[in-house]
Amino acid sequence: MSTFLLDAQNLGISFGGLKAVQALTLQIPPNALHGLIGPNGAGKTTAFNLLTGVYKPQTGSMTLNAQNLMGLPPHLIAKAGLSRTFQNIRLFGELSVLDNVMLASHCRGHHSIVATLFRSPTFLAQEQAMRRRAMHLLDLFALAPAAHAQAKSLPYGDQRRLEICRALATEPRVLLLDEPAAGLNPSEKQALAKLIQTVKAQFNLAVLLIEHDMSLVMQVCEQITVLDHGCTIAHGTPSQIQSDPRVREAYLGEPTPTPAGT
Amino acid sequence: MPSALDATTNAQLRRPNLPLITLPWLACALLGLAMLMLGRFLGSYQETLMQQVGIFAIAAVSLNIVNGLAGQFSMGHAGFMAVGAYVAAATTYYGSLLHFNTAELQPGLFNFGHVLMLIGLLAGALVAAALGYLVGLPSLRLRGDYLAIVTLGFGEIVRVLLQQTSPQVNGKDPAEIAAFTDAPLRTLARIPLNGALGFEGVPAYATNLWIWTFVGITCLAAYRIKESSSGRAFLSIREDEIAARAMGINLTKYKVRAFVLAAFFAGIAGGLLAHAGVTTSPIDAGFQRSFEIIIVVVLGGLGSISGAVLAAIVFVLLPQVLHPIKDYRLVIFALLLISMMLLRPKGLFGVREIWNILPRRAAHTKPGATP
C-alpha cells in the first residue's frame, strides 16, 4: 500500500490526435503542498479535470487513500475527498454566499424527498448543522458579513476566497486550487499564501496548486511538478526546479546561438 | 461580546423558521376560508374563473420546480397534466358507475365520490410522476433547446395517443352501464377515454375549496423543496452544472428528481381540471397549454413560488378585465407580456418570494462592506 494520499499513475488523455496529458504521475503524501506548473497550454487544467472526473482518463490509475477513483463521476470523486476551485470562477452567482457554501456540504448528508417535504427532525437538524458549519467556514474566510449577499455581487478577491471556502465545505482530503492568485494584487497574493498554509494546517489536508505566479509557488510549495505539452518534464523541490535546464527551456525557449552579423 | 458570527448565525437560524411554518399555513387557512365564503357571493362564472386560477397556479408552481429551480427547460408540462387528468377522470367516472351506478354528482360535502376523486388525483399524479421519470432521463444528455424539443415531443405524443382511445361508456344509457358493470375489466382494457372528442361527464367534485386546498399543499411543498438541500442542489444545477458536479451534486439524481416532482404536481393540477366540470380533451396535452404555463412561470419569475401564483391570477383574470375592448384585448395582453419582459426580464420577483423581497434588498447593499 502506498504511503501517498493521492496516488495518480500514468494518467493520460488525448482529444483526437492531440495528446493533452500524457503519463502524468502525481504522488501526494498527506498534508503536502504540491505545485503543478507549466507554460500556457501545458495541460495543467486538463490534469485537474482528469483528477476530478470531468474527463475520464484513458490510461493510468488513480487512488485516493487507497480508494480507486478511476472512472468515477465527478460527484463521487468529490465525495471521496477531492475538491477543487476553478480557474475562471464558477460560483453559483444567483445564490447567496451562505447557500454556495451550504450546497457544498451536500455530499456529506442524506436528502430524502419525504424528509424534505415533511421537515422531519433529522432533516431540520441536518440543515442547521450545514448552516452552522457553513457560517463557521465563512467566518474563517472573513466572509460572514456578506453571508446573505448574492455571490455574484462580491468583489473579485472575495469571490476567489469564496471558491476556496466552498471547496472546503465538501470536507476534502485533497484540495485542488486552479490559479487561485490570478488577478490578485501583490498584497492579496501574500494574504492568499498565508491562507493556503493556514487552511492546509487547520483542515489537515493536502493541497495541489496550479499557479502562474512563480514567487507564490516557490514560496509555499514543498514539491513541484512541471508540465509542458502534456508531458511531465521535471519534478522536485522548488530549488531543484529553479535550476532545472528543461524547465528554463520550456519557459524561456531554447538557448540559440546569436546569429552572426548582429 | 457577541461576535459578528453569532449574530448572523442566530439571525439566520431564526429567520427561515418563522415564515416557513406560519406564513404558508396562514395563507392556506385564509384562502380556504375565503373560498368557502366567496362561493356564496360569486356567480358560477366567477367561481369557474377562480377554479381556473387555482389550477393554473398549481400547474405553474409545479413547472417552476423543473424550469425555475432546476433550470431544465420543459415544454411538455401540459402532457403531464393531461395524463393526470385522464387517469383521475377515468377513476372517478368508472368508479362512480361501478359504485353509484351513475356518473351523476353525488350531493353532500364529503362522500364516496370525493374519495374516488382523491384516489384519482393520487393515481394520476403517480402515473404522471412515473412519466416524469422517463422524460427526466434524457435531460442528462440534453441541454437547453434540445431538451425543450424532447419535452415538447412528449406532450404531443400524449396528445396523439389520447386521440386514439376508444369511446367512453355512456353514463346516461342504463344498458351500457349494465354491460360495463358486468365486465368492467374487459371494458377498461379497451381504454375507453373517448378519443379526440374528449372525456365527458366526470362529476364536478373539485370545488374551489378543494382546488385551493391543493394550491396550498402544492405551494407549501414547493416552498419546502426550495428552502432545502434539494432546492439548493436544483439551483446549483441551474447556475452551473460543472461546478455543481464538482461540489458533489449527483446531476442524474437531481434532474430526474425535479422532473418527477414537477410531473407529480402537474398530475394533480390535471386531475383537478378533470373534476372542474369541463370536458377533458386531448388538446389539453398540446403545446399551447404548455406555453401558457411557461408564460405564467416566466411572468412570476423563474424560481419564485408566490410569483407563479400571482402570475396565474394575472394571466387568467387579465383577459377578463380587458373584455370590454373586445377583439383588441389579446393585442393588449401580448403587449403587456412584451413590456413585462423588457422591464422585468426576470419576472415579477426573480427567484425570490413576495415576503422576502424587502429584507433581501436591504441585504444586497451590504457586501461592499466586507474587508
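Residues numbered from 1 in each chain as written. Chains lettered and ligands numbered in written order. Predicted model: local features only at pLDDT ≥ 70, side-chain atom pairs only at ≥ 80, totals over all residues. Heavy atoms only, no water.

**Brief notes about the overall build of chain A**
Here is step 1 of the chain: Check the secondary structure of chain A and you find 10 helices and 10 strands.
Here is step 2 of the chain: Dimensions of chain A, computed from C-alpha atoms along their principal axes, come out at roughly 80 × 40 × 35 Å.
Here is step 3 of the chain: Here chain A holds 262 residues, and 54% of them are scored as buried.
Here is step 4 of the chain: In chain A, once contacts between residues fewer than 6 apart in sequence are set aside, the share between residues at least 24 apart is 67%.
Here is step 5 of the chain: Treating the 21 positive side-chain charges of chain A as one cloud and the 18 negative ones as another, the clouds have centres 7 Å apart. (Helix = DSSP H or I, 4+ residues; strand = E, 2+ residues; numbered from the N terminus. Buried < 20%, exposed > 50% of the residue type's maximum accessible area, 1.4 Å probe, protein only. Contact = heavy atoms within 4.5 Å. Lys, Arg positive; Asp, Glu negative; His and termini not counted. Charge placed at Lys NZ, Arg CZ, Asp CG, Glu CD.)

**Some points on the layout of surface pockets**
Here is step 1 of the chain: Empty space within the second largest pocket amounts to approximately 460 Å³.
Here is step 2 of the chain: Lining the second largest pocket we find 21 residues, and of these Leu-117 and Phe-118 of chain A together with Ile-217, Ala-221 and Phe-265 of chain B sit closest to its centre.
Here is step 3 of the chain: Every element with two or more residues in the lining of the second largest pocket is listed here: α4 (113–118) of chain A together with α2 (17–41), α9 (208–226) and α12 (251–274) of chain B. (1 Å grid on protein atoms, 1.4 Å probe; cavity = no way out; pocket = protein on both sides within 12 Å on 5 of 7 lines; lining within 4 Å. Points joined across faces, edges and corners; volume = space filled by probe spheres on them.)

**Describing the interface of chain B and chain A**
Here is step 1 of the chain: Each partner contributes to the interface: chain B provides 41 residues, whereas chain A provides 52 residues.
Here is step 2 of the chain: Both sides together, the interface formed by chain B and chain A hides about 4200 Å², and carbon and sulfur atoms give 63% of it.
Here is step 3 of the chain: For the pair chain B and chain A, the number of links is three salt bridges.
Here is step 4 of the chain: Linking Lys-346 of chain B and Glu-94 of chain A is a salt bridge whose minimum nitrogen-to-oxygen distance equals 2.6 Å.
Here is step 5 of the chain: Summed over the shared surface of chain B and chain A, the number is 13 residue pairs in polar contact (both at pLDDT 80 or more).
Here is step 6 of the chain: Elements represented by at least two residues in the side of chain B that touches chain A include exactly α1 (4–14), α2, α9, α10 (229–239), α11 (241–246), α12 and α16 (357–364) of chain B.
Here is step 7 of the chain: When residues in the side of chain B that touches chain A are grouped by element, the largest group, eight residues, is from α10 of chain B. (Buried area = accessible area lost by both parts, 1.4 Å probe. Salt bridge = Lys/Arg side-chain N within 4 Å of Asp/Glu carboxyl O. Polar contact = N/O pair within 3.5 Å; in protein donor to acceptor, adjacent residues only side chain to side chain.)

**Concerning the sheet that holds strand β8 (residues 206–210) of chain A**
Residues and elements named next belong to chain A.
Here is step 1 of the chain: A sheet is described by the order of its strands in space; here six strands give the open sequence β6-β7-β8-β3-β9-β10, paired in mixed fashion. Single-partner strands in this sheet number two, and they are β6 (82–84) and β10 (231–236). Neighbour-to-neighbour, the strand axes of the sheet open up by a mean angle of 20 degrees, direction not taken into account.
Here is step 2 of the chain: Lying on the sheet, helix α6 (residues 156–168) is in contact with β6 and β7 (174–178); it crosses β7 at an angle near 160 degrees. (Pairing = 2+ DSSP bridges. Axes fitted to C-alpha atoms, helices over the stretch in contact; angles between N-to-C directions.)

**Things to note about α6 of chain A**
Here is step 1 of the chain: Over its 13 residues, α6 of chain A extends 19 Å from the first C-alpha to the last, a length consistent with the 18 Å expected when each residue adds 1.5 Å.
Here is step 2 of the chain: For α6 of chain A, the tally of buried residues reaches 12 of 13 residues, placing the bulk of the element in the interior.
Here is step 3 of the chain: Buried within α6 of chain A we find Gly-157, Asp-158, Gln-159, Arg-160, Arg-161, Leu-162, Glu-163, Ile-164, Cys-165, Arg-166, Ala-167 and Leu-168 of chain A.
Here is step 4 of the chain: Residues of α6 of chain A that are buried in the fold lie against β6, α3 (97–104), α5 (121–140), β7 and α7 (186–203) of chain A together with α11 of chain B. (Expected span 1.5 Å × (residues − 1).)

**Considering the sheet that holds strand β4 (residues 59–64) of chain A**
Where strands meet in a sheet, backbone hydrogen bonds hold them as pairs that are either parallel or antiparallel.
Residues and elements named next belong to chain A.
Here is step 1 of the chain: Here we have four strands laid out as an open sheet, ordered β2-β1-β4-β5, and antiparallel in their pairing. Of all the strands in the sheet, just β2 (18–28) and β5 (67–68) have a single pairing partner and so form its edges.
Here is step 2 of the chain: Direction of pairing for strand β1 (residues 6–15) relative to β2: antiparallel, over a ladder of seven bridges. Paired with Ser-14 across the strands is Lys-19, a residue of β2.
Here is step 3 of the chain: Contacting β1, β2 and β4, helix α1 (residues 44–51) crosses the sheet at an angle of about 115 degrees to β1.

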